[in-house]
Amino acid sequence: MPIPKSSQNKERRQKFLECAIDLFIDKGYFNTSVREIIIKSGFGTGTFYNYFIDKEDILKTLLEEFADQIISGHSTYYTTEKDLYKRFVETKRVTMEIFAQNEKLSEIYSRVAGTSEAIDKCLKQFEDKLIGFYIRNIEYGINKGAFNNVSVPTVAYAILAVEKFLLYKWIVLKDITNEEMVEMVVSFHETLAKGLVNNK
């Protein structure tokens, strides 16, 4: 049973996460064993289980921290930008730049969907966090009178769908560069924002 996060050594925890990311990329999630993560980390088996329950727990932790990083990037941007139109468009740039800066995590996110019920549950939690954040921000714009009254969940899911598709084109298909991915997402949101903005 893992010890409380507040009592964990941050460097050791991070080392396990970094080793897991590298192995998941090199060998694939399913072809990586907990034993290989332990060996690569240089720590003992008991130490691993002080930090994580199993391999799935590592993946869940990686995705949760990734979602938190994206939302934190948005929150930082919100403290400086008050124009709701610019916020709506530019926070998507922030999102995709975070994906681009975290290529290994982006690849794991893009490749593991559909491989197991447990993995899909982790991905759903990651995406639900993003969707919830998108919904709250669109509703905020509606409540402030800056956006038209639209089907908020539909717009939020469309945003995530476009982001996931372009991420897939960059990471898996290698059809576009990460710069093109970012610009395509921003362009989509500029177009979408024109329909959202209340011009009254």
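Residues numbered from 1 in each chain as written. Predicted model: local features only at pLDDT ≥ 70, side-chain atom pairs only at ≥ 80, totals over all residues. Heavy atoms only, no water.

1. Some remarks on the overall build of the chain
Looking only at helices and strands, one finds nine helices and zero strands in the chain. Listing every helix and strand of the chain by position from the N terminus yields α-α-α-α-α-α-α-α-α. Within the chain, buried positions represent 46% of all 200 residues. Taking as baseline every contact in the chain between residues at least 6 positions apart, the subset at least 24 positions apart corresponds to 68%. Here the chain displays about 10,400 Å² of accessible surface, and carbon together with sulfur accounts for 52% of that area. If you average the places of the 27 positive and of the 28 negative side-chain charges in the chain, the two averages end up 4 Å apart. (Helix = DSSP H or I, 4+ residues; strand = E, 2+ residues; numbered from the N terminus. Buried < 20%, exposed > 50% of the residue type's maximum accessible area, 1.4 Å probe, protein only. Contact = heavy atoms within 4.5 Å. Areas by Shrake-Rupley, 256 points an atom, 1.4 Å probe, with all protein chains shown as cover. Lys, Arg positive; Asp, Glu negative; His and termini not counted. Charge placed at Lys NZ, Arg CZ, Asp CG, Glu CD.)

2. Focus on the UniProt feature "domain: HTH tetR-type" (unreviewed entry) in the chain
This chain's UniProt record puts "domain: HTH tetR-type" (unreviewed entry) on residues 10-70. For residues 10-70, the end-to-end C-alpha separation is 20 Å, with 80% helix and 0% strand making up the annotated structure. (UniProt positions renumbered as here; feature names shortened; annotations may be inferred.)

3. Examining the packing of aromatic side chains
This structure, assessed with the given rule, holds 13 aromatic pairs. Here the aromatic rings of Phe16 and Phe43 are separated by 5.4 Å at their centres, their planes lie at 55 degrees, and the arrangement is tilted. One end of the pair, Phe16, is in helix H1 (residues 10-27); the other, Phe43, is in the loop between helix H2 (34-41) and helix H3 (45-51), with 27 residues separating them in the sequence. Its relative accessible area of 0% is what places Phe16 among the buried residues. When the centroid spacing of 5.8 Å and the interplanar angle of 25 degrees are considered together, the rings of Phe99 and Tyr109 count as stacked. Residue Phe99 is found in helix H5 (residues 84-101), and its partner Tyr109 is found in helix H6 (residues 103-111); the two are separated by ten residues along the sequence. This pair shows no difference in class: Phe99 is buried, exactly as Tyr109 is. (Phe/Tyr/Trp six-rings, centres within 6.5 Å; stacked < 30°, edge-to-face > 60°.)

4. Quick notes on the domain arrangement of the chain
Splitting the chain by domain gives domain 1 (1-53) and domain 2 (55-194). Taken over C-alpha atoms, the centre of domain 1 sits 27 Å from the centre of domain 2. Across the boundary between the two partners, domain 1 contributes 17 residues, which contact 16 residues of domain 2. Taking both partners together, domain 1 and domain 2 bury about 1,500 Å²; carbon and sulfur atoms supply 73% of that area. Linking domain 1 with domain 2 are two salt bridges, by the criterion used here. Note that Lys104 and Asp22 form a salt bridge whose closest N and O atoms lie 2.6 Å from each other. Counting across the domain 1 and domain 2 interface gives six residue pairs in polar contact (both at pLDDT 80 or more). Elements that contribute at least two residues to the side of domain 1 that touches domain 2 include exactly H1, H2 and H3. Per-element accounting of the side of domain 1 that touches domain 2 gives the leading share, seven residues, to H1. Among the residues making up the side of domain 1 that touches domain 2, the classes are represented as 13 nonpolar, one polar and three charged. (Domains from an automatic or database assignment. Buried area = accessible area lost by both parts, 1.4 Å probe. Salt bridge = Lys/Arg side-chain N within 4 Å of Asp/Glu carboxyl O. Polar contact = N/O pair within 3.5 Å; in protein donor to acceptor, adjacent residues only side chain to side chain. Nonpolar A, V, L, I, M, F, W, Y, C, P; charged D, E, K, R; others polar.)

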